[in-house]
Amino acid sequence: MSAEPLLAVEDVDAGYGETQVLSDLSLSIDDGEIVSLVGRNGAGKTTTLRTIMGILEPTTGRITYRGDDVSRLDATKTAERGLAFVPEERRIFPELSVKENLEIAEYGGATDADSLSVGEALDTFENLKARAGNAGSSLSGGEQQMLAIARALVGGADLVLLDEPTEGLAPYIVQDVMDIVADLNERGITVLLVEQNVHVCLELADRNYVINQGEIVYEGSSTELEANEEVLDRYLGIT
Ligand code: ATP
């Protein structure tokens, strides 16, 4: 067994054109963990995920995946290596059926013996199976989130980058989505979970990074973060 992390982000700066968003950002994730990146609106969470996935290129620093430097790979190449990004918006193709959404993921993702077939994914997500022929746009927000996660499984993802999976969902659906994330992790999939909702992080994550103005300002287990009133108050607005 190697002690090397699955993913390591080392001293990364990144942003949009002249606008620098991430400063000297470092984080690491071990195989099998759920790690959260939590912070306020505009703190740089989505930018971090985009940079890891290869949608944005870091201006300085390095990103390694399974020990290989992936800093300059685009999102097609990182997907082939087993990364999947589930964005906050437009997670699925609304005009395609549920089944077609899964079939597309099968072609675009990693070639991986562990990936689910479309049939297995539909068996796993019963809500989706019942609606396999329906357009993606006909699904509820929670079902769309499930379909997006199912796409990552079909695509053979080993590391799923989840951008605010509970955003905008009714409270009873939030729990369903959290159960799915926990289930995903039990299948051996590593998760980087971006959230504004610290309660979701505390319940699901092994470790948490707090991001503020593009910088990591805290790292700790859920037990440690839950007990740290100063961090909760100062960076997450929870008193
Ligand atoms: P949110 O919860 O709102 O998604 P976030 O923590 O994910 O917040 P980011 O989306 O990473 O934050 O945004 C960080 C900063 O980068 C913000 O100041 C935002 O205005 C800026 N930003 C985001 N996207 C772009 C873009 N395409 N061009 C220029 N600036 C951007």
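Residues numbered from 1 in each chain as written. Predicted model: local features only at pLDDT ≥ 70, side-chain atom pairs only at ≥ 80, totals over all residues. Heavy atoms only, no water.

A. Highlighting the overall build of the protein. Tallying secondary structure elements over the protein gives ten helices and ten strands in all. In terms of overall dimensions, the protein has C-alpha extents of about 50 × 40 × 40 Å along its principal axes. Here the protein holds 239 residues, and 51% of them are scored as buried. For the protein, the share of sequence-separated contacts (at least 6 apart) that also reach a separation of at least 24 residues comes to 66%. Just so you have it, the protein exposes about 11200 Å², and 44% of that area is on carbon and sulfur atoms. (Helix = DSSP H or I, 4+ residues; strand = E, 2+ residues; numbered from the N terminus. Buried < 20%, exposed > 50% of the residue type's maximum accessible area, 1.4 Å probe, protein only. Contact = heavy atoms within 4.5 Å. Areas by Shrake-Rupley, 256 points an atom, 1.4 Å probe, with all protein chains shown as cover.)

B. The environment of arginine 40, seen in detail. Topologically, arginine 40 is positioned in the loop between strand S3 (34-38) and helix H1 (45-53). Residues arginine 40 and isoleucine 238 lie 198 residues apart in sequence; the distance between their C-alpha atoms is 11 Å. Leaving out residues up to four positions away in the same chain, arginine 40 has contacts with Lys45, Gln196, Ile211, Asp233, Arg234, Tyr235, Leu236 and Gly237. At 3.3 Å, the side chain of arginine 40 forms a polar contact with the backbone oxygen of arginine 234. (Polar contact = N/O pair within 3.5 Å; in protein donor to acceptor, adjacent residues only side chain to side chain.)

C. Seen up close, the pairing of S3. For S3, the buried fraction is high: five of the five residues fall into the buried class. On S3, burial covers both faces: Ile34, Ser36 and Val38 on one face and Val35 and Leu37 on the other are all buried. Direction of pairing for S3 relative to strand S8 (residues 190-195): parallel, over a ladder of five bridges. Across the sheet, the residue bridging to valine 35 is leucine 192, located in S8. Two strands pair when backbone bridges link them, and S3 and strand S9 (residues 207-212) are joined in this way by four bridges, in the parallel orientation. By the bridge assignment, serine 36 is partnered in S9 with asparagine 208. (Pairing = 2+ DSSP bridges.)

D. Focus on the sheet that holds S8. Spatially, S6-S7-S8-S3-S9-S10 is the arrangement adopted by the six strands of the open sheet, whose pairing is mixed. Of all the strands in the sheet, just strand S6 (83-86) and strand S10 (215-221) have a single pairing partner and so form its edges. Put simply, the sheet's adjacent strands are angled 15° from each other on average, direction ignored. Examined bridge by bridge, S9 and S10 share six bridges and lie antiparallel to one another. From the neighbouring strand, tyrosine 209 faces S10, where its bridge partner is glutamate 219. (Axes fitted to C-alpha atoms, helices over the stretch in contact; angles between N-to-C directions.)

E. Fine view of the sheet that holds strand S5 (residues 68-69). An order of S2-S1-S4-S5 is seen for the four strands of this open sheet, with the pairing classed as antiparallel. Pairing within the sheet leaves two strands with one partner each, and these edge strands are strand S2 (19-29) and S5. Sheet analysis places strand S1 (residues 7-16) next to strand S4 (residues 60-65), joined by five bridges and oriented antiparallel. Residue pairing in the sheet places aspartate 13 in a bridge with threonine 60 of S4.

F. Spatial organisation of the site of the ligand. The environment of the ligand is made up of 13 residues, and the closest members are Asn41, Gly42, Lys45, Thr46 and Thr47. Glycine 42 is positioned with one of its backbone polar atoms (N or O) 2.8 Å from an oxygen atom of the ligand. A distance of 2.8 Å separates an oxygen atom of the ligand from a polar atom in the side chain of threonine 46. Compared with its free state, where it exposes 630 Å², the ligand has 60% of that area covered by protein. Among the elements that take part in the shell around the ligand, H1 stands out by supplying three residues, more than any other. (Near = heavy atom within 4 Å.)

Everything listed is a geometric property; what it means functionally is a separate question.
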